[in-house]
Amino acid sequence: MDHRLKSFWGLSVHFYSCNEHCGSSRIAKMLTLPSMETPIKPVSLHKTQFCSPFSSMSAFSLPATFRVKQRASKLFVMPRIRALDAAQPFDYEARIMEAHEKSSKLKIGIVGFGNYGQFLAKALIRQGHTVLAHSRSDYSDIAVKIGVSFFRDPHDLCEEHPEVILLCTSIISTESVLRSLPTQRLKRNTLFVDVLSVKEFPRNLFLQILPQEFDVLCTHPMFGPESGKDGWKGLPFVYEKVRIGSDEYKEDRCQKFLDIFAKEGCRMVEMSCSEHDRHAAESQFITHTVGRMLGKLELQSTPINTKGYETLLNLVENTSGDSFDLYYGLFMYNVNSTGQIERLDAAFDSLKRQLYGHLHDILRKQLFGNGKGSENLQRLAPPAVSRNGYGQEATACEVKQ
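**Side note on helix 7 (residues 248–263)**
Consideration 1: Helix length check: helix 7, at 16 residues, gives a terminal C-alpha distance of 22 Å against a target of 22 Å (1.5 Å per residue), a fit within 8%.
Consideration 2: Along helix 7, the residues classified as buried are Lys250, Arg253, Cys254, Lys256, Phe257, Leu258, Ile260 and Phe261.
Consideration 3: Capping of helix 7 at its N-terminal end is provided by Asp247; its side-chain oxygen lies 3.3 Å from the backbone amide nitrogen of Tyr249.
Consideration 4: Downstream of helix 7 by a residue or two, Gly265 has a phi angle that is positive, lying close to 95 degrees.

Take a look at the structure:
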């Protein structure tokens, strides 16, 4: 018996040919693919073995139909290929792709699983990240529907060792929630991220309370469940890398988190927390203030709405949907907001003076423009009320009295 090793398409083929009747062996000199040059016919072989060079497993028997072609007194034996990509015991390509996919995903723990936390969690799950959540209220049913693991006890959440803690609490409860977290159960290199509408307040809080080993990233997605319901493309996402470690793992983790919003199409804006608060007071706080003022007027839609009036109605709807705690937090925890309130008051007073001043000029022209000011003034003056208080002319007797 003799054999020859040939390889094709990543497989090593051990070919054996035996002829029991004539007692001699016939050896295939070459292994080629089927050709249409000359007629070919199948031949049955006693034993054909295939084995993978990527595996230490022994060769396994594989039934195969071979074709034989005669050319120049040589025997050509050709296998009929059943599949172009034979399955391997270890699919290295798939394993590498799977490892790369896992390396680009994060394990994120959301603290504060209200409307906004749920809103962000849906995007995180959609991108394949592992999401855990904790909140004072029980959102376990909602979490199951979204695909989030919910923990009633913050100790249980921290013991899962999330790479990122994402704080989605209200502004006014941030400090109490942060101080109540058992940070000693977290890994010492955990990344803390907030999404509050004010930035200097959480920045100072993180630096004051969290251990030095923890990384800090302050962010503000400048949209919410209402304004971002149709997608986040083009919407601004503001962030500051307050304290990010210099080693490769920490820098890479921070970038992976930012990439979540970049992949959704957000306009990424790197900005200091102080600069953010200054701009936010001039934009976000003014917007909420005007929207809530208009809401107090109880404006209603009319059959003749203009585009501008429709815009005002939409503003009222968007701002009234947010809690008053959010609005109060924008005022209380942004040092620039008080100045904006004073500017609003001054602007309204100035506008009223302008209106009444213009009206005063018109009245003066009407009163004194024709030189008969005393007559015009007497005509425009309200009727005098008599002493008896009934609006009737007093009698002579009453006048004397």
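**Considering the environment of Ile341**
Consideration 1: Among the secondary structure elements, Ile341 is positioned in helix 11 (residues 337–368).
Consideration 2: Among the residues examined, Ile341 registers a relative accessible area of 28% and is labelled partly exposed.

**A closer look at the nonpolar core**
Consideration 1: Within the largest apolar cluster, 33 residues are counted, with the highest numbers of intra-cluster contacts made by Ile110, Phe113, Leu120, Leu166 and Phe257.
Consideration 2: Elements represented by at least two residues in this core include exactly strand 9 (107–111), helix 2 (115–126), strand 10 (130–134), helix 3 (140–146), strand 12 (164–167), strand 13 (191–194), strand 15 (236–243) and helix 7.
Consideration 3: Broken down by element, the residue count for this core peaks at 6 residues, all from helix 2.
Consideration 4: Filtering out sequence-adjacent residues up to four positions away, Leu166 remains in contact with Ile108, Gly109, Ile110, Val111, Leu120, Leu124, Val193, Val195 and Phe257.
Consideration 5: With 27 residues, the next largest nonpolar core counts Leu167, Ile171, Phe201 and Leu205 among its residues.

**Section: the packing of aromatic side chains**
We describe a pair of aromatic rings using the distance from one ring centre to the other and the angle between the two ring planes.
Consideration 1: Under the definition given, this model contains 16 aromatic pairs.
Consideration 2: Ring plane angle 40 degrees and centroid distance 5.0 Å describe the contact between Phe223 and Trp232, whose orientation is recorded as tilted.
Consideration 3: For Phe223, a relative accessible area of 6% translates into the label buried.
Consideration 4: Here the aromatic residues Tyr116, Phe119, Phe223, Trp232, Phe237, Tyr239, Phe257 and Phe261 are joined through ring pairs into a cluster of three or more.

**A short note on the state of the cysteines**
Consideration 1: Counting across every chain of the model gives 0 disulfides.
Consideration 2: Cys218 forms no disulfide, and the closest cysteine sulfur to it belongs to Cys273, at a distance of 4.2 Å.
Consideration 3: By relative accessible area, Cys218 is classed as buried at 0%.

**Some details on the pattern of salt bridges**
Consideration 1: The final tally for this structure, using the stated rule, is 12 salt bridges.
Consideration 2: The partner of Arg152 in a salt bridge is Asp138, with the nearest N and O atoms 3.6 Å apart. Taken together, the residues span a long stretch of sequence, with Arg152 in the loop between strand 11 (149–151) and helix 4 (154–159) and Asp138 in the loop between strand 10 and helix 3 at a distance of 14 residues.
Consideration 3: Given a relative accessible area of 44%, Asp138 falls into the partly exposed group.
Consideration 4: In the salt-bridge network here, residues are joined through shared partners; they are Asp215, Lys250 and Arg253.

**Quick notes on the pairing of strand 15**
Consideration 1: Across the 8 residues that make up strand 15, a large majority, 7, are buried.
Consideration 2: In the sheet, strand 14 (residues 215–221) pairs with strand 15 via 6 bridges, with the strands oriented antiparallel. Paired with Val216 across the bridge in strand 15 is Arg243.
Consideration 3: Between the parallel pair strand 15 and strand 16 (residues 267–270), the chain is carried across by helix 7, and the sense of this crossover is right-handed.

About the criteria used
- Residues numbered from 1 in each chain as written.
- Predicted model: local features only at pLDDT ≥ 70, side-chain atom pairs only at ≥ 80, totals over all residues.
- Heavy atoms only, no water.
- Helix = DSSP H or I, 4+ residues; strand = E, 2+ residues; numbered from the N terminus.
- Expected span 1.5 Å × (residues − 1).
- Buried < 20%, exposed > 50% of the residue type's maximum accessible area, 1.4 Å probe, protein only.
- Polar contact = N/O pair within 3.5 Å; in protein donor to acceptor, adjacent residues only side chain to side chain.
- Core = buried A, V, L, I, M, F, W, Y, C linked by side-chain atoms within 4.5 Å.
- Contact = heavy atoms within 4.5 Å.
- Phe/Tyr/Trp six-rings, centres within 6.5 Å; stacked < 30°, edge-to-face > 60°.
- Disulfide = S-S within 2.5 Å.
- Salt bridge = Lys/Arg side-chain N within 4 Å of Asp/Glu carboxyl O.
- Pairing = 2+ DSSP bridges.
- Right-handed = clockwise from strand over helix to strand, strands pointing away.

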